[in-house]
Number of protein chains: 2
Amino acid sequence: MPDYKVYYFNVKALGEPLRFLLSYGNLPFDDVRITREEWPALKPTMPMGQMPVLEVDGKRVHQSLAMCRYVAKQINLAGDNPLEALQIDAIVDTINDFRLKIAIVAYEPDDMVKEKKMVTLNNEVIPFYLTKLNVIAKENNGHLVLGKPTWADVYFAGILDYLNYLTKTNLLENFPNLQEVVQKVLDNENVKAYIAKRPITEV
Amino acid sequence: MPDYKVYYFNVKALGEPLRFLLSYGNLPFDDVRITREEWPALKPTMPMGQMPVLEVDGKRVHQSLAMCRYVAKQINLAGDNPLEALQIDAIVDTINDFRLKIAIVAYEPDDMVKEKKMVTLNNEVIPFYLTKLNVIAKENNGHLVLGKPTWADVYFAGILDYLNYLTKTNLLENFPNLQEVVQKVLDNENVKAYIAKRPITEV
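Criteria and thresholds
- Residues numbered from 1 in each chain as written.
- Chains lettered and ligands numbered in written order.
- Predicted model: local features only at pLDDT ≥ 70, side-chain atom pairs only at ≥ 80, totals over all residues.
- Heavy atoms only, no water.
- UniProt positions renumbered as here; feature names shortened; annotations may be inferred.
- Helix = DSSP H or I, 4+ residues; strand = E, 2+ residues; numbered from the N terminus.
- Domains from an automatic or database assignment.
- Buried area = accessible area lost by both parts, 1.4 Å probe.
- Salt bridge = Lys/Arg side-chain N within 4 Å of Asp/Glu carboxyl O.
- Polar contact = N/O pair within 3.5 Å; in protein donor to acceptor, adjacent residues only side chain to side chain.
- Nonpolar A, V, L, I, M, F, W, Y, C, P; charged D, E, K, R; others polar.
- Least-squares fit on C-alpha atoms with pLDDT ≥ 70 in both.
- Contact = heavy atoms within 4.5 Å.
- Patch = residues over 30% accessible without salt bridge, like charges linked within 9 Å, V, L, I, M, F, W, Y side chains within 5 Å.
- Areas by Shrake-Rupley, 256 points an atom, 1.4 Å probe, with all protein chains shown as cover.
- Lys, Arg positive; Asp, Glu negative; His and termini not counted.
- Charge placed at Lys NZ, Arg CZ, Asp CG, Glu CD.
- Buried < 20%, exposed > 50% of the residue type's maximum accessible area, 1.4 Å probe, protein only.
- Pairing = 2+ DSSP bridges.
- Axes fitted to C-alpha atoms, helices over the stretch in contact; angles between N-to-C directions.
- Core = buried A, V, L, I, M, F, W, Y, C linked by side-chain atoms within 4.5 Å.

S.K.: Got a minute to help me understand the UniProt feature "domain: GST N-terminal" (unreviewed entry) in chain A in this structure?
M.R.: Mapped onto the present numbering, the UniProt feature "domain: GST N-terminal" (unreviewed entry) falls on residues 2-79 of chain A. This span, residues 2-79 of chain A, is 31% helix and 26% strand, and a straight line between its end C-alpha atoms measures 21 Å.

S.K.: Honestly, the domain arrangement of chain A in this entry has me stumped. Any pointers?
M.R.: One frequently used descriptor of interface size is the decrease in accessible area upon assembly of the parts. Residues and elements named next belong to chain A. Along its sequence, chain A is organised into domain 1 (2-74 + 188-194) and domain 2 (80-186). Computed from C-alpha atoms alone, the centre-to-centre distance between domain 1 and domain 2 is 21 Å. Overall, the association of domain 1 and domain 2 removes approximately 1400 Å² of surface from exposure, summing both partners, and the carbon and sulfur fraction of that is 75%. Among the residues domain 1 hides against domain 2, the three largest losses belong to Phe20, Leu65 and Arg69. Together they make up 34% of the total. Where domain 1 touches domain 2, the interface holds one salt bridge. As a salt-bridge pair, Arg69 and Asp89 come within 3.0 Å of each other at their nearest N and O atoms. Joining domain 1 to domain 2, the criterion identifies three residue pairs in polar contact (both at pLDDT 80 or more). Listed by contribution, the elements that provide at least two residues to the side of domain 1 that touches domain 2 are α1 (16-24), α3 (64-74) and α8 (189-197). Here the side of domain 1 that touches domain 2 takes five residues from α1, the largest share from any one element. A class-by-class count of the residues in the side of domain 1 that touches domain 2 yields ten nonpolar, one polar and four charged.

S.K.: Honestly, the relation of the copies chain B and chain A in this entry has me stumped. Any pointers?
M.R.: A rotation about some axis, followed by a shift along it, carries one copy of the chain onto the other. When chain B is fitted to chain A, the residual RMSD is 0.0 Å, and the transformation amounts to a turn of 180° plus an axial shift of 0.0 Å. Both copies of the chain, as the preceding transformation shows, are related through a two-fold rotation axis.

S.K.: Sorry if this is basic, but what is going on with the side chain of B:Glu55 here?
M.R.: Residue and element names in this part refer to chain B. Here Glu55 shows up in strand β3 (residues 53-56). A distance of 3.1 Å separates a polar atom in the side chain of Glu55 from a polar atom in the side chain of Tyr7. Not counting the four nearest positions on each side in its chain, Glu55 is found in contact with Asp3, Tyr4, Lys5, Tyr7 and Arg60.

S.K.: How should a negative patch on the surface be read in this particular structure?
M.R.: Taken together, the side chains of A:Asp110, A:Asp111, A:Glu115, B:Asp110, B:Asp111 and B:Glu115 make up a negatively charged region of the molecular surface. Elements that contribute at least two residues to the negative patch include exactly α5 (111-139) of chain A together with α5 (111-139) of chain B. Given the relative accessible area of 60%, B:Asp111 is considered exposed.

S.K.: Would you mind going over the sheet that holds strand β2 (residues 29-34) of chain A with me for this structure?
M.R.: Hydrogen bonds between backbone groups are what pair the strands of a sheet, and the pairing can be parallel or antiparallel. Residue and element names in this part refer to chain A. Judged by pairing direction, the sheet is mixed, and its four strands sit side by side in the order β2-β1-β3-β4 without closing on themselves. Either end of the sheet is taken by a strand with one partner, and the two such strands are β2 and β4 (59-62). Within the sheet, the average angular offset between the axes of one strand and its neighbour, ignoring direction, is 20°. One ladder, built from four bridges, connects strand β1 (residues 4-9) with strand β3 (residues 53-56); its direction is antiparallel. Paired with Tyr7 across the two strands is Val53, which belongs to β3. Its contacts with the sheet place α3 against β1, β3 and β4, and it is angled at close to 40° to β3.

S.K.: What exactly am I supposed to notice about the nonpolar core here?
M.R.: Soluble globular proteins: nonpolar side chains tend toward being buried together. Counting 75 residues, the largest nonpolar core has A:Leu22, A:Leu54, A:Trp151 and A:Leu178 as its most contacted members. At eleven residues, helix α6 (residues 151-167) of chain A tops the list of elements feeding residues into this core. A domain split of this core shows at least three residues from each of domain 1 (2-74 + 188-194) and domain 2 (80-186) of chain A. Filtering out sequence-adjacent residues up to four positions away, A:Leu22 remains in contact with A:Tyr4, A:Val6, A:Leu27, A:Phe29, A:Leu54 and A:Val71. Residues B:Leu21, B:Trp39, B:Tyr162 and B:Phe175 belong to the second largest nonpolar core, which totals 74 residues.

S.K.: Would you mind showing me how to read the pairing of strand β4 (residues 59-62) of chain B here?
M.R.: Look at any regular strand and the pattern is simple: side chains alternate between the two faces of the sheet. All names here are of chain B. As paired elements, β3 and β4 share four bridges and run antiparallel to each other. In the strand pairing of β4, Val56 is matched with Lys59. If you look at the hairpin formed by β3 and β4, you'll find two residues sitting between the two strands, and Asp57 has a positive phi there, around 45°.

S.K.: Explain the side chain of B:Thr150 to me, please; I cannot follow it from the model alone.
M.R.: Locating B:Thr150 in the fold gives a position in the loop between α5 and α6 (151-167). Excluding its chain neighbours within four sequence positions, the residues that come into contact with B:Thr150 are B:Leu77, B:Ile88 and B:Val145.

And the structure:
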């Protein structure tokens, strides 16, 4: 088994889906959490100067979705053939589009612009995505695609806290089928064990 | 061989990397170009109401990168093992980050905000990405990763016209190694044949 290290700040955010996937598949990993003080010296050693980073047998790679897809393959959550993999990738990219649309508003520096964008986000974007995804979850028996557990479910469960944090809401409050997707992941014994021991962080 | 259809507007933009990949691998596809008049009736039949869409044996899937990755697997441009696939995915996602950073500025509706963001884009973001990618291309013998042809090269060559259009520049003017990456793709006989017969469009 390769030697895995996850490098990220001491936050859930973009690193948590990767930590969830490694935990879900019971792949031991070194959960390295970098402080803001350590980061400037470390930044030049990271690909594109970004984190999260996954180190596999000493080789450092970045990009959240790419790393999650790689881990998913190791634990047989990436589909049984290219057409299944395509359908999983498409739903993951849809969740990622949703995240980006939320992040653009949450990180908007101009308060007036932010307020205006927030209206569209809350009245249109969020209901559109969650209604669609909830129907998909219903049609797939409490999974996001293919009617079975895939890394799309784990990714969604892993990124949800961050999306709730960014929107200052409980996004899934009225979406029971999406709640079911997340609960199934959280019921995984290895994910439970990881959550029990992870540092408590706001983000 | 599956029956492939690409649905998109009559533009290069996000659909061109997919058309390039199908052409590169000599996979025949139906290049369906939807007019603005036809779109409202068709929109509800498309996953998430978006295009481009790839139809494989009657099944419609969306998400540009997911579709490109699927086609890349069919034509052996997606890496020989999961670790190679990870490295390809990471560079493709980096190019996609670059595209998103450009698009956010290009599609900014407020002229004052746009002008301000344009300064950072032109002075920091664009030079940062292109300098990094050019070094990578040099280290990889005129490819973007793994020192050999992968779908990252084809994706980059396919999206370049759109990035030039959005930035109103010739992005690669001073980056000869990236020019080499693109030229190798454009020298592919099947890509040449596709370009010779595609409709001429501004975007």
